[in-house]
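# Structural overview
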Amino acid sequence: MDSQKKITATVCIYSGRPNPQWKIAAKEYDKLLLIIESLPEAEPQSQPSVLGYAGITVRAGSKKIFCFNNVITVTNGNNARGYADSKRVMERRLVQTAPEIILEEIKRILPEELR
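Presented here is a report on the structure given in the accompanying data block. Remember, it's a predicted structure, so these values are computed and weren't measured experimentally.

### Here we look at the overall build of the chain
Looking only at helices and strands, the chain features three helices and seven strands. Relative to its length of 115 residues, the chain is compact, with a C-alpha radius of gyration of 13 Å against a globular reference of 13 Å. For the chain, the C-alpha atoms occupy an extent of roughly 30 × 30 × 25 Å along the three principal directions. Every one of the 115 residues in the chain was classed for burial, and the buried ones make up 40%. Counting contacts in the chain only where the partners sit at least 6 residues apart, residues at least 24 apart contribute 52% of the total. For the chain, the accessible area works out to roughly 6800 Å², and carbon and sulfur atoms hold 48% of it. Charged side chains of the chain number 17 positive and 13 negative; the gap between the two group centres comes to 4 Å.

Laid out in structure tokens, this is it:
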């Protein structure tokens, strides 16, 4: 992983205002990629248009990771691959990387299993 790249996580919860966003360290990002590599393939998904919690995205350069409803979708350019995350390990791990001030803001909106 190129540690010079800006790596950001965004929890998608708002409509009409900016979603909470925070930086992720390169070492943590590398651990996230290892989690993804250990998961079975699944059908990639696009971000739903729903009110309330609609997943978490991680962006690092041209790569985007989207986690929602037990599926992780990794997009790099026009290439998208999906992975089954039946226990929502990735979403929980990402929530744990959020600063306390963001956790306070989002905890009442997140699904119970992610708090």
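### Points about unusual backbone geometry
A positive phi angle, close to 70°, is found at Asn-70, a residue other than glycine. Along the chain, Asn-70 falls in the loop between β5 (63-68) and β6 (71-76). Residue classification places Asn-70 among the partly exposed positions, given a relative accessible area of 33%.

### Points about the side chain of Thr-10
Tracing the sequence through the fold places Thr-10 in strand β1 (residues 7-11). The class of Thr-10 is buried, set by a relative accessible area of 13%. At 3.0 Å, the side chain of Thr-10 forms a polar contact with the side chain of Gln-21. Ignoring any residue separated from it by four or fewer positions in sequence, one finds Thr-10 in contact with Asn-19, Pro-20, Gln-21, Gly-55, Ile-56 and Thr-57.

### Quick look at helix α2 (residues 89-96)
Here α2 has its buried residues at Met-90, Glu-91, Leu-94 and Val-95. Along the axis of α2, the buried residues cluster in a sector spanning 135°; they form a single face. Looking at the buried residues of α2, the elements they touch are β2 (21-23), α1 (26-37), β4 (56-60), β5, β6 and α3 (100-106).

### Digging into the nonpolar core
Within the largest apolar cluster, 32 residues are counted, with the highest numbers of intra-cluster contacts made by Ile-24, Ile-65 and Ile-72. Mapped by element, the contributors of at least two residues to this core are β1, α1, β4, β5, β6, α2 and α3. No other element matches α1, which puts five residues into this core. Each residue touching Ile-65, except ones within four places of it in the same chain, is listed here: Tyr-29, Leu-33, Ile-36, Ile-56, Thr-57, Val-58, Ile-72, Thr-73, Val-74 and Met-90.

### Regarding the pattern of salt bridges
With the rule as written, the count across this model stands at six salt bridges. The salt bridge partner of Glu-41 is Arg-81, with a shortest N-O separation of 2.6 Å. On the criterion of sequence distance, the pair formed by Glu-41 in strand β3 (residues 41-42) and Arg-81 in strand β7 (residues 79-84) is long-range, its members being 40 residues apart. Glu-41 gets classed as exposed once you look at its relative accessible area, which sits at 58%. Between Glu-91 and Arg-88 there is a salt bridge, with the nearest N and O atoms lying 2.8 Å from each other. Judged by its relative accessible area of 1%, Glu-91 falls in the buried class.

### Things to note about the pairing of β1
Within β1, five of the five residues are buried, which leaves it mostly tucked inside the rest of the structure. Residues Ile-7, Ala-9 and Val-11 point to one face of β1 and Thr-8 and Thr-10 to the other, with burial holding for every one of them. As paired strands, β1 and β2 are joined by three bridges and run antiparallel to one another. The residue of β2 that forms the bridge with Ala-9 is Trp-22.

Criteria and thresholds
- Starting afresh in each chain, residues are numbered from 1 along the sequence in its written order.
- Reporting of local features is limited, given that this is a predicted model, to residues whose pLDDT is at least 70; pairs of side-chain atoms are given and counted only at 80 or more, and all residues count toward the totals for whole chains, interfaces and linings.
- Computation of side-chain values covers all heavy atoms of the structure but excludes hydrogens and water.
- For helices the rule is a DSSP run of H or I covering at least 4 residues; for strands it is a run of E covering at least 2, with both sets numbered from the N terminus onward.
- Note on method: radius of gyration uses C-alpha positions; expected globular size equals 2.2 Å times residues raised to 0.38.
- Burial status follows relative accessibility: with a 1.4 Å probe on protein chains alone, a residue under 20% of its type maximum counts as buried, one over 50% as exposed, and anything between as partly exposed.
- What makes two residues a contact is simply this: any of their non-hydrogen atoms within 4.5 Å.
- Values of accessible area rely on a 1.4 Å probe in the Shrake-Rupley scheme; residue burial ignores everything except the protein chains shown.
- Neither His nor the chain termini are counted; the positive set is Lys and Arg, and the negative set is Asp and Glu.
- Lys charges are placed at NZ, Arg charges at CZ, Asp charges at CG and Glu charges at CD.
- Each polar contact in these results corresponds to two N or O atoms within 3.5 Å; when the atoms are within protein, one needs to be able to donate a hydrogen and the other to accept it, and residues that are neighboring in sequence are counted only if both atoms are side-chain atoms.
- Within this analysis, the arc is defined by the directions that extend from the helix axis to the C-beta atoms.
- Nine residue types can take part in a nonpolar core, namely buried Ala, Val, Leu, Ile, Met, Phe, Trp, Tyr and Cys, and a core is a set of them joined through side-chain atoms within 4.5 Å.
- A side-chain nitrogen of Lys or Arg and a carboxyl oxygen of Asp or Glu constitute a salt bridge if their distance falls within 4 Å.
- Strands pair, by our definition, only if DSSP identifies at least two bridges between them.

So, to be careful, I would describe these as geometric facts and stop short of saying anything about function.
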